[in-house]
Amino acid sequence: MDKEKIIVTSALPYANGPIHLGHLSGAYLPADIYVRYKRLIGSNIIFICGSDEHGVPITITADKEGITPKEVIDRFHNINKQAFEQFGMSFDIYSRTSLPIHHETSKEFFLNFYNQGILNEKKSLQFYDEKAKMFLPDRYVEGTCPNCGNEQARSDECENCGALYDPADLKNPKSKITGQTPVLKETSHYFFPLGKYQSRLEEYVAQMSKKYGWKDNVLQYCRGWFKDGLQDRAITRDLDWGVQVPLDDAQGKVLYVWFEAVLGYISATKELSRIKGDENLWKKYWQDTNTKYVAFIGKDNIVFHTIIFPSMLMAWNDANTDKYVLPQNVPANEFLNFEGKKFSKSRNWGIDVIDFLKLFPADPLRYCLAANLPENRDTDFYWKEFQSRNNGELADILGNFVNRTFTFVHKHFDGKVPEKGELKPIDQEILNLLSGYPKKVSDLFEKYKIKDGVAEIMNLARAGNKYFNDSEPWKSVKSDKEQCATTINLSLQIIYTLAEMFYPVIPFSAEKLFKMLNAAPTDWFKSGEANLKAGHVLNKAEILFTKIEDSVIEKQMSQLGSTSETPQETEKFEEITIDDFLKVQLRTAEIVSAEKVAKSDKLLKLKVNLGFEQRQIIAGIGKSFQPEDLVGKKVIMVANLKPAKLMGLESQGMILAVEGSDGKLSLLQVDGSIKPGTRAR
RNA sequence: GGCGGGGUAGCUCAGUAGGUUAGAGCAAUGGAAUCAUAAUCCAUGUGUCGGGGGUUCGAAUCCCUCCCCCGCUACCA
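Analysis parameters
Residues numbered from 1 in each chain as written. Chains lettered and ligands numbered in written order. Predicted model: local features only at pLDDT ≥ 70, side-chain atom pairs only at ≥ 80, totals over all residues. Heavy atoms only, no water. Helix = DSSP H or I, 4+ residues; strand = E, 2+ residues; numbered from the N terminus. Buried < 20%, exposed > 50% of the residue type's maximum accessible area, 1.4 Å probe, protein only. Pairing = 2+ DSSP bridges. Axes fitted to C-alpha atoms, helices over the stretch in contact; angles between N-to-C directions. Contact = heavy atoms within 4.5 Å. Expected span 1.5 Å × (residues − 1). Salt bridge = Lys/Arg side-chain N within 4 Å of Asp/Glu carboxyl O. Phe/Tyr/Trp six-rings, centres within 6.5 Å; stacked < 30°, edge-to-face > 60°. Lys NZ or Arg CZ within 6 Å of the ring centre and 35° of its normal. Nonpolar A, V, L, I, M, F, W, Y, C, P; charged D, E, K, R; others polar. pLDDT = per-residue confidence, 0-100. Core = buried A, V, L, I, M, F, W, Y, C linked by side-chain atoms within 4.5 Å. Domains from an automatic or database assignment. Parallel < 35°, antiparallel > 145°, perpendicular 65-115°, else oblique. Left-handed = near helix turned anticlockwise from the far one by under 90°. Bend = angle between axes of the 7 residues up to and from the residue. Patch = residues over 30% accessible without salt bridge, like charges linked within 9 Å, V, L, I, M, F, W, Y side chains within 5 Å. Areas by Shrake-Rupley, 256 points an atom, 1.4 Å probe, with all protein chains shown as cover.

J.: Tell me about the overall build of chain A, and please be specific about residues and values.
T.: Check the secondary structure of chain A and you find 21 helices and 24 strands. Among the 681 residues that make up chain A, the fraction classed as buried is 52%.

Structure, rendered in structure tokens:
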């Protein structure tokens with residue numbers, strides 16, 4: 001078989017937080033299984049990943065914690081790198097986009113596009129916050145719409161009336177960061193003309209998907225983007241954290257993260273070349289039309305890998321003789337939820353990889369996630385399912401089959417592979433099954449049906465148990481030793497096949513299995529044959545999987561959602577003076593009427609009695625309360641909040657509520673004897 | 001509200017070029033076996049395939065409509 005040359009990438013995780021189980025299910029575990037399988041069939045493959053370390057959210061985290069962005073990325077790069085290692089991710093390199101090689105690569109792409117003249121430079125007046133010393137992105141500015149008077153208009157458009165205008169016309173602009181009045185300064189940005197590539201992209205997607213069978217969910221996303229029409233996208237920003245725009249007149253500008261992050265795959269491969277001492281290694285993969293490039297991602301990343309990255313590579317290829325390969329397949333997964341709800345750090349819902357691996361070994365997690373990958377739709381991780389997969393499948397089906405065979409061989413055959421004798425139909429049947437297995441599983445993995453493949457492998461362990469049962473070696477050992485030897489010989493061959501088939505899924509346990517067998521993996525497609533010679537000496541058996549007790553699982557479940565236990569230790573509060581506090585007028589108010597705001601999911605229009613006057617409040621609490629239940633309640637409100645318009649309705653204050661771990665709101669209330677309008681202090 | 005994804009057995013999930021009695025694993029019930037981590041093996045499902053309508057000889061699968069859930073987004077003052 002020809003050695004396929006393959007690049008596999010997993011989405012670069014953002015170095016602004018630890019990765020959780022959902023991330024693993026989306027872009028990492030399926031990729032690792034695929035890569036390990038491909039290595040076993042002899043493909044020439046490299047597996048690339050790294051941290052994505054630029055962008056605004058990282059600077060915000062840094063500001064909040066009073067540290068530098070560098071400290072933020074160092075922390076999460078190391079945490080995530082370690083988590084991946086413990087989980088058994090077999091990346092050839094786990095790089096990072098803060099490395100000089102990445103900055104150089106990104107600049108090279110930018111300059112190439114710039115010199116080709118395909119980038120559009122657009123000048124515009126943007127608000128500049130002199131106190132924060134930064135240009136303000138549109139969503140950080142608000143003011144009064146020159147058209148309708150809406151006070152929450154953005155700098156260049158009003159969402160209330162839909163008007164578009166020049167930022168200079170916005171009245172009373174305010175910076176949302178400092179509250180200062182920003183000034184207008186001229187700035188210019190470069191735009192990548194995505195629209196120009198639309199027809200080529202559509203053709204590319206159509207061809208690749210037809211030829212290589214792209215997943216349905218991926219095509220649906222692409223269709224949506226194509227239908228809306230691709231727009232020019234700005235590829236620069238006024239910011240100081242990121243890759244500097246390599247032009248003399250572009251001081252204080254960096255490349256927008258979406259532009260450079262995908263290039264991280266290439267720069268990481270360059271880094272790998274450097275480490276391996278083969279300068280041109282990366283070119284042999286990225287710039288060879290025979291290379292098959294597969295990008296594993298979660299669904300949130302589809303547009304970047306099927307549209308943006310390919311269009312950038314097209315633009316490069318148009319002007320260079322060294323041409324990059326485009327993704328041949330983008331097997332994006334949906335999302336993994338946790339116990340029925342999506343992962344949420346703030347609600348303490350879910351578990352980080354690094355924490356999980358402190359409690360349990362990697363393999364049970366790998367198996368459990370692999371058996372329920374969100375390949376077709378969102379799926380859930382349940383603690384109970386994890387326990388039952390570990391105990392009922394890994395320990396009872398696979399572990400026990402191995403264990404019963406090994407104890408038998410040590411007890412009756414001196415720890416050596418016994419010679420097989422004449423084959424009965426039952427033996428021939430299992431041999432046939434065995435020899436067809438590598439192809440059966442391979443066919444599924446090649447189509448990225450990892451979940452089905454994994455289920456199929458476990459079925460082989462089931463078949464092993466059945467074969468052992470039906471053959472009854474514990475009887476034949478007394479009546480027909482030759483027949484017994486055949487049974488045990490074949491059972492050991494099954495274990496060998498299992499070790500190989502399971503290696504991509506549960507590598508740590510598979511290695512133990514090979515050690516017990518005193519053997520090494522072979523070519524994948526030969527692993528269904530008789531690989532153990534009679535007389536081959538086996539090692540002692542060890543327990544592969546220990547069972548997980550109910551109490552251990554229950555403890556984990558009981559800790560879920562209990563945010564009160566860890567009252568956000570990491571959050572630091574800015575101190576304020578008593579005078580600052582007294583600026584806020586908290587007063588009791590009685591709700592006199594409540595009704596839903598038309599065409600709104602969660603807004604309620606409330607009339608409240610403040611004692612000295614009535615107010616109208618538009619509150620976003622409609623998902624937690626029925627309007628009729630609110631009437632008569634005495635709540636706490638901010639009485640001197642500047643009025644604002646929501647859905648065209650004026651809101652003259654804000655009532656206070658807290659959000660529970662389930663997302664339901666609870667109102668701050670006082671008892672009935674307190675008069676409306678009483679100030680809280 | 002807009003866009004996208006879903007609603008199949010008690011639970012977690014498969015299943016669309018429309019076609020014989022709709023599947024798997026788990027759980028449940030009964031049985032067999034005792035080599036083995038009390039582990040295994042066999043048998044057992046009256047599931048309105050979210051509701052209603054339509055196309056068709058035939059629909060979980062195609063069309064229309066309604067209901068519910070999830071995500072993103074617009075409104076969380």
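J.: Let's hear about the sheet that holds strand β1 (residues 5–10): which residues, and what values?
T.: Read from one edge to the other, the open sheet built from 4 strands follows the order β3-β2-β1-β12, with strand pairing classed as parallel. Looking at the sheet topology across the chains shown, the edges are occupied by β3 (93–96) and β12 (292–296). Averaged over all neighbouring strand pairs, the angle between strand axes comes to 25°, with direction disregarded. Sheet contacts for helix α1 (residues 21–40): β1, β2 (44–51) and β12; angle to β2, the most-contacted strand, approximately 155°.

J.: For helix α15 (residues 450–471), give the residues involved together with the corresponding values.
T.: Think of an α-helix as 3.6 residues a turn; residues three or four steps apart then line up on the same face. For α15, with 22 residues, the first-to-last C-alpha span of 32 Å sits near the 32 Å given by 1.5 Å per residue. Immediately downstream of α15, the backbone of Glu-472 shows phi near 50°, a positive value.

J.: Which residues make up the pattern of salt bridges, and what values do they have?
T.: The final tally for this structure, using the stated rule, is 29 salt bridges. One salt bridge in this structure joins Glu-4 and Lys-38, with 2.7 Å as the shortest N-O distance. Of this pair, Glu-4 sits in the segment before β1 while Lys-38 sits in helix α1, placing them 34 residues apart in sequence. Looking at Lys-38, the relative accessible area reads 1%, which means it is buried. A salt bridge links Asp-318 to Arg-200; the shortest N-O distance between them is 2.9 Å. Taken as a pair, Asp-318 in helix α10 (residues 302–319) and Arg-200 in helix α5 (residues 198–212) lie far apart in primary sequence, 118 residues in all. Accessibility expressed as a relative area gives 45% for Asp-318, which makes it partly exposed. Salt bridges sharing common partners tie together Glu-4, Lys-38, Lys-292 and Glu-446.

J.: Explain the packing of aromatic side chains to me, using residue names and the numbers behind them.
T.: Two measures describe an aromatic ring pair: the distance that separates the ring centres and the angle between the ring planes. According to the stated counting rule, one finds 46 aromatic pairs in the structure shown. With a centroid separation of 6.4 Å and an interplanar angle of 90°, the aromatic rings of Phe-338 and Trp-383 are classed as edge-to-face. Highlighted residues: Phe-338 in strand β13 (residues 336–338) and Trp-383 in helix α13 (residues 383–412), separated in sequence by 45 residues. By relative accessible area, Phe-338 is classed as buried at 0%. A cation sits over an aromatic face here: Lys-5 above Tyr-285, 5.9 Å from the ring centre. Here Arg-233 stacks its cationic end above the ring of Trp-258, 5.0 Å away from the centre of that ring.

J.: Tell me what's going on with the sheet that holds strand β5 (residues 134–135), and back it up with residues and numbers.
T.: In space, the 4 strands of this open sheet follow the order β5-β4-β8-β9, with antiparallel pairing throughout. Since the sheet does not close on itself, it has two edges, and those belong to β5 and β9 (233–234), each with one partner.

J.: I'd like a rundown of the packing of helix α12 (residues 362–371) against helix α18 (residues 507–517), residues and numbers included.
T.: In the contact formed by α12 and α18, the axes pass within 7 Å of each other and the chain directions differ by 115°. Every residue of α18 that contacts α12 at Ala-362, Asp-363 and Arg-366 is listed here: Pro-507, Phe-508 and Ser-509. Its residues assigned to classes, the contact of α12 with α18 shows 3 nonpolar, 1 polar and 2 charged.

J.: Describe in detail the confidence of the model for chain A, supporting the description with residues and values.
T.: Mean pLDDT over chain A: 86, with 89% of residues reaching 70 or higher. In the predicted structure, residues 564–573 sits below a pLDDT of 50 and forms 2 contacts with residues beyond four places in sequence or in another chain.

J.: An account of the environment of Ser-651 is requested, with residue identities and associated values reported.
T.: Secondary-structure assignment places Ser-651 in strand β20 (residues 649–651). Distance in space between the C-alpha atoms of Ser-651 and Glu-542 is 68 Å, their sequence separation being 109 residues. Those residues in contact with Ser-651, other than ones at most four positions away along the chain, are Gln-616, Ile-617, Ile-618, Pro-643 and Ala-644.

J.: Can you lay out the nonpolar core for me, pointing to particular residues and giving the numbers?
T.: Within the largest apolar cluster, 162 residues are counted, with the highest numbers of intra-cluster contacts made by Leu-21, Phe-192 and Phe-381. No other element matches helix α17 (residues 481–502), which puts 12 residues into this core. Residue contributions to this core reach at least three from each of two domains, namely domain 1 (5–118 + 249–333) and domain 3 (354–526). The residues contacting Leu-21, other than those within four sequence positions of it, are Leu-336, Phe-338, Phe-343, Ile-351, Val-353, Phe-356, Leu-365, Leu-369 and Phe-381. With 17 residues, the next largest nonpolar core counts Val-608, Ala-619, Phe-625 and Leu-630 among its residues.

J.: Lay out the packing of α5 against helix α6 (residues 216–228) in plain terms, naming residues and giving numbers.
T.: Between α5 and α6, whose axes approach to 11 Å, the crossing angle comes to 165°. With respect to each other, α5 and α6 are oriented roughly antiparallel. Taken as a pair, α5 and α6 cross one another with a handedness that is left-handed. Side by side, α5 and α6 meet where Gln-198, Leu-201, Glu-202, Val-205 and Ser-209 of the first sit next to Leu-219, Cys-222 and Phe-226 of the second.

J.: Describe in detail α10, supporting the description with residues and values.
T.: For α10, which comprises 18 residues, the first-to-last C-alpha distance of 26 Å matches the rise-based estimate of 26 Å (1.5 Å per residue) to within 8%. Its axis deflected by about 30° at Ile-308, α10 carries its strongest bend there, up to four residues before the proline Pro-310.

J.: Explain a nonpolar patch on the surface residue by residue, including any values.
T.: A cluster of nonpolar side chains, namely Ile-576, Ile-578 and Phe-581, defines an oily patch on the protein surface of about 300 Å² accessible area. For Ile-576, the location among the structural elements is in the loop between α19 (550–558) and α20 (578–582).

J.: Account for the pairing of strand β17 (residues 614–619), naming residues and giving values.
T.: When you tally the buried positions in β17, you get 5 out of 6 residues, the bulk of the element. As paired strands, strand β16 (residues 604–609) and β17 are joined by 6 bridges and run antiparallel to one another. Within the sheet, the bridge partner assigned to Leu-606 lies in β17 and is Ile-617. Counting the residues in the hairpin turn of β16 and β17 gives 4 residues, including Gly-611, whose phi is positive at 90°.

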